[in-house]
Structures are given as C-alpha cells and as structure tokens.
Amino acid sequence: MADPYMDYEPVITYIPGVNRGEPIGFEWGPTQMLLYPTSHDRKERAPGSSSRMPTIQAVFNDKDIYSPILSKLFNESHGIFMTLQNTEHECTTQKVELVSISRNYRSVIRAYLEELHRASGNVYSEDPSMSSQYDDQVSILSAMELIWNLCEILFIEAAQAGSLLSHLMDWIRLHICQVDAMADQIMVSENPVEHLYYWNVHANNQTITEFELKWRHWQEECERCLKEGTFASNGDLLLICRILAGDGDAVSEKMDLLSTWYHLMVSKLLYSHPTVKPTDLYQYAELCLDHFVTSGSQPEALDRILLAAFEFNIHQVLKDCSIILNNWWFVSHLTDLLDHCNLLQSHNLHFGSNLREFLILEYASGLFNHESLWQLAVDYFDHCPQFGRVYLELYIERIPLNTERKALKVLRICEKRQMKEQVRSICKIMAMKAMRNNRLGSALSWSVRAKDSFFATLISDRLLQDYSVKGSFSDFDLISNLGSSMLLSDRLTFLGKYCEFHKLYGEMQFAKAANLLLSLMTARIAPRSFWMTLLLDALPMMEQKEVIFSTEQTYALMQCLEDVTADDTGSEREMRAVGGEDEVATTQLGLLRLAFTRNLAKAIVHEGTHHGS
C-alpha cells in the first residue's frame, strides 16, 4: 500500500485551445514544452482540410520568473548566493555565518512577501484576476518562509534542548500573528481587564524567558492550587492554572485559539516539556497533527513537509518542496545552504550529480528563458563543478542575440571562461547579421574577432567593391586601425595596407605612399581585378613637381600595366563593349601609358642630373 505521506495527486493543467480528452502532440524543449491538438488517424480528413485552426501552446515549468516582483526576489537572492559561495574558500565557515546567510534569505522573502501584499491591494479594484495571482504568490512565499525558518532552527542553527523551544516560540510568533493582534486590541481598549480577549491573551502570551525561570515553581504551586481548589470559583483562572501545570487537555480546550497543529504543539511543549530534545519533536508533532486532521482525510502538503522536518528527514523535505512549490528557487537555495552545512553528503544521486548541483542546474535553466535574468544563471552554472560548464555551453548558444550590446555581454561571458567555440559561433552569427544589413564595418569587426579568415576575405571583397563604386571607404577608421588583425587573410592585409596608402597620400607623404602602392602589386597581395584601380591611384603622384617614382619603379608600374592588359580576355572585352565600358577602359589605358612615359623621362633626367652632380 502506498504511503499517504509520500504520494501526491498530480496537478491538472488546462491548456487553452485543447479540448479535454482530445489527443495532443508535444515537443520537449530545455525549459518548456509545446502542445498542439492532433489526431491519431490522419486519413480521416482530406489533405489540407481541418475542422478548426490548430493552436500551439508553450507550457513553461517555471512561470514565476516572469513575475516582476518575484524577479526582484531572484535578483536580490543571487547576491546572497554568491556571498555564500565565496565563503567556501575560507578555512572554516562558522555556524554564525551560515545562520546569518539563512536570515538574509528569509529577510528577502519577507520583503517581497510584503510587496506582494501591497500590490494585491493596489490592483484589487482595477484587476481582480491580477490581485488573485498576487494572493497566490503570497500564499506560496508565506509557506516558503515558514518552512525555511523551521529548517534554519532544526538543521542550520541546530538548536538543542533548552534553547530549542525558545526558537520554536519565535517561529510561531513570527508566522502566526493572532495573539499579537488580540494583545494590540486589548491595549487600546478603555478597560483592558474587561476586554473579550483578555483571558485568551494571558493564556497564550507567556514568554519563554519568564517561564523557564519560574516553571518548576509554577508546576508545584499550580498543582497545589488545583488540589486545594483555590481557583474553583473562577473558570478562567482555573483553566490558566491547569495550563501552567502542564495539563495537555486544558490546552486542547482552547484549540479555537490555535490556528494550526504546530501552534498547538509548541503551546503544549511550553507548559509540559520546555526542555524537549530535538529527537522527540516528531512524536509530539504527529499527535498534534492528528488533533487537526479529521477522520478519513489526509494532511495538507505543507503539513507533510513540516512533519518531515520535525522527523529530521531533510531529503523528504526537499523532495516534497520540489513537488509542491511552483518554482525551483526555494529548493535550490535551501539545498545549497544545507550542503554548506555538510548535511547532504549521504544524498548523492545515481546519475552523476549530487542533489545540490541537480537542483541549482534546474533553477538556472529556468532563468535562461528570461530576457534579463539569464545573466544570473551564468553564476549559478559556474558553481556547479560537475555539469555547470556543459549546461552553460549548451544554453549560451540558445540566447537570442537581438542587439550588439547583448551579443557583447554574451561574448564577454564566453571569453572570460575561455569558451572558444562559443566565441567563434557568436562572432559569426553577428557578422552574418551585420552583412545582411549591409553594415560591412561591423561585419568585418565581428569576423576578425571570430578569427574567421574565409569570412574576413568575403567582407574585404565587399568593401573593395563598394570602394570601386563610391570611390571611398565608409569604415575607413576601422580598417586603418586593424593592426596585426589584418594578417588574418591576404585580402584583409591588402585592404588594411590600401587604407594605409590613402592615409599616407592624405598626409602628403608621397614617397612612402608610392613605395607602399608599388609593393602591393609587385608582392602580388592585391587582387588582379583591382590592379587597374591601383595604377590609376599612381597618376596624381606622377603629376607632382618632384619625382616620386624612380626609373626602376616606373618600369615596374609599366610591367604591371602590361600584365593587366595581357590578362584581359576576349570575353571580358566583349562584355565591356556591350556595357559601353570599353571606351572608358581604352581612355584609361591611354592616360596611364602617357603618364608612365612622361614620368619615365622625368625620372631619367632627374637621376642623370643627380648622378652627374
């Protein structure tokens, strides 16, 4: 027979657009599932026909990450998580530090619990459905805080007999405000003693500090008073005396003031067994839970989790929280903290990862669906030593690179972690996007960053083609400052050197510009299709008063011109003739030959004069 404390009924999720009982198809994703109506027998309908338009629904396993308020909770708790990981490298992590971190987590839960309360009230009149969603989140966060606080007392702080009940009293007071509310009403009344709640408050608001000092004396005095019938004439005083004497039945008589079974348990322990040992809590918890569970019914999920905690069954607490709670935030952070307390060594999984890492990986995987929280997930993956790197490599490739700013963020993450394959992939994707949008400078920058010589050559050709049409470079500064990156490919080297030539020419450094121009052709770096452009670039320098090209250099230019004309095939000449370009090419050749002849004569005279002197 199945254990009723272990089994949970599956939660039914209704999918819009999918009728109940209708067959559905599905596709699994990393953190979501796509569902759509389908039919087992596709032959029933003719191809292309359908009784209705099918819809596709995306079902996420962690929808809370899209809540604006809970997103802030995830952001703030990330800082606490990182603080805890940094303490891992110290020689010892003191219990006081771990308790402090646990309280920091609880304070964050409490802060956003109050914010959800306010948000629910603010939108109630305008949007009741949104208010209802906030109320659901309030209920879940309240349960989280209740469970976390109890785990902090039992597991992290590990309170022992004597101080244990004091901690449990604080736990009850923090989460059950009924007595405090009664006390506030009594204090503001004109005659507190006559107030309806006066005796109820006195029966419940005895502090543990006062009680520990006087308990033994109270026990003796109360038992004596009961035997002598001292309070027999006053039913309220008699009830208080019975409670102080540790009469469990007397406490049970006031169960209408106790909203939960664990409130009843702590109340009974306070007056009957204030020095209870941690190992004895479970038997008291079971008895008190039986008082609240009606015959034939089963305890609620929260009750089962608290009962497992009182049994010191950490693994069952985490398992049940994973099933019941609607996100992985709680179990992943609590498990991480318990692991730092060295309480989970015996709970290793059989498929390669320990419980802590498994839960953190699940939580971080959900964060990667969010447009901004994905950056937090990176740090969580970093602190999963076994599979974190693999998960990060897989998920980083699924991030939509909508903008260059986001791409740069992802790139920095990959470069910091030396993820070379992912760096190349991101750069190639961004280079392709930039090229499709005709942003050639950006495309070149990304291809250089990816160290992709093929793509760099392709973009360099596009830039040279644009130059041939426009007569200028749109990204001159970028190309001029490539530095050693221009060595990635021969075409990119030529592009960088050609821009350097233009820079020298613009600075009137004609001699250096002439040497560079000639070397681009003689070293065969420049594509042959671009030689005519380079030869035409030499013309303005030949018109200068001083001799820029020497005799030897002029002969080299003339040889290059002959090579260009010799490579000009008949088919190319026919194409130019059809396009009307043949006449232009003939004119250019004539100008070049004339300029080279004149420059040769000028260089011979200049060199002869210089040699003669």
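Predicted model, so just to flag it, every value in this text is computed and none were measured.

Turning our eyes to something else, we now look at the packing of aromatic side chains. As enumerated under the stated definition, the model contains 28 aromatic pairs in all. Here tyrosine 363 and tyrosine 380 contribute two aromatic rings whose centre-to-centre distance is 5.1 Å and whose plane-to-plane angle is 90°, an arrangement assigned as edge-to-face. Residue tyrosine 363 is found in helix H15 (residues 355–367), and its partner tyrosine 380 is found in helix H16 (residues 374–382); the two are separated by 17 residues along the sequence. The buried category is assigned to tyrosine 363, whose relative accessible area is 1%. Among the residues examined, tyrosine 380 registers a relative accessible area of 1% and is labelled buried. For the ring pair phenylalanine 368 and tryptophan 374, a centre distance of 6.3 Å and an interplane angle of 40° mean the geometry is tilted. Neither phenylalanine 368 nor tryptophan 374 differs from the other in exposure class; each is buried. Site record: aromatic cluster; members linked through ring pairs are Tyr467, Phe473, Phe494, Tyr498, Phe501, Tyr505, Phe510 and Phe530.

Let us now look at the environment of valine 378. Inspection of the secondary structure puts valine 378 in helix H16. In the structure, valine 378 is positioned 14 residues away from alanine 364 in sequence and 7.6 Å away in space, judged by C-alpha atoms.

Now for unusual backbone geometry. Non-glycine residue phenylalanine 312 carries a positive phi angle of around 60°. Within the element layout of this structure, phenylalanine 312 appears in the loop between helix H12 (301–310) and helix H13 (314–324). Looking at phenylalanine 312, the relative accessible area reads 31%, which means it is partly exposed. Located in the positive-phi region is methionine 508, a residue other than glycine, with phi close to 65°.

Here the focus is the confidence of the model for the protein chain. Within the protein chain, residue pLDDT values average 79, and 77% of them lie at 70 or more. Contacts of residues 1–6 to residues separated by more than four positions or lying in other chains number 10 contacts, the stretch itself having pLDDT below 50.

Contact geometry of helix H1 (residues 68–87) with H16 gives a least axis separation of 11 Å together with a crossing angle of 25°. Looking at the two axes, H1 sits roughly parallel to H16. The element H1 and its partner H16 pack so that their crossing is left-handed. Judged by residue contacts, Phe74, Asn75, Ser77, His78, Phe81 and Met82 of H1 engage Leu376, Asp379 and Tyr380 from H16. Within the contact of H1 with H16, the residues separate by chemical class into 5 nonpolar, 3 polar and 1 charged.

What counts as what
- For every chain, the first residue of its written sequence is number 1, and the numbers climb from 1 along that sequence.
- In view of the model being predicted, local features appear only for residues whose pLDDT reaches at least 70, and side-chain atom pairs are presented and counted only at 80 or more, with totals across whole chains, interfaces and linings using the full set of residues.
- Values shown for side chains rest on all heavy atoms present in the structure; no hydrogens or waters enter the calculation.
- Centre distance within 6.5 Å is the pairing criterion for rings of Phe, Tyr and Trp, where only the six-membered ring of Trp is used; planes under 30 degrees apart are then read as stacked, over 60 as edge-to-face, and the remainder as tilted.
- Helix and strand definitions follow DSSP, with helices as H or I runs of at least four residues and strands as E runs of at least two, each counted in order from the N terminus.
- Burial status follows relative accessibility: with a 1.4 Å probe on protein chains alone, a residue under 20% of its type maximum counts as buried, one over 50% as exposed, and anything between as partly exposed.
- Per-residue confidence from the predictor is reported as pLDDT, which spans 0 to 100.
- What makes two residues a contact is simply this: any of their non-hydrogen atoms within 4.5 Å.
- A fitted line through C-alpha atoms represents every axis, and for helices the fit uses only the stretch in contact; the resulting angles, taken between N-to-C directions, go from 0 to 180 degrees.
- Our angle categories are set so that under 35 degrees counts as roughly parallel, over 145 as roughly antiparallel, 65 to 115 as roughly perpendicular, and the remainder as oblique.
- We call a crossing left-handed when the near helix sits turned anticlockwise from the far one by less than a right angle, and right-handed when that turn is clockwise.
- Residues are grouped as follows: Ala, Val, Leu, Ile, Met, Phe, Trp, Tyr, Cys and Pro are nonpolar; Asp, Glu, Lys and Arg are charged; every other residue, Gly included, is polar.

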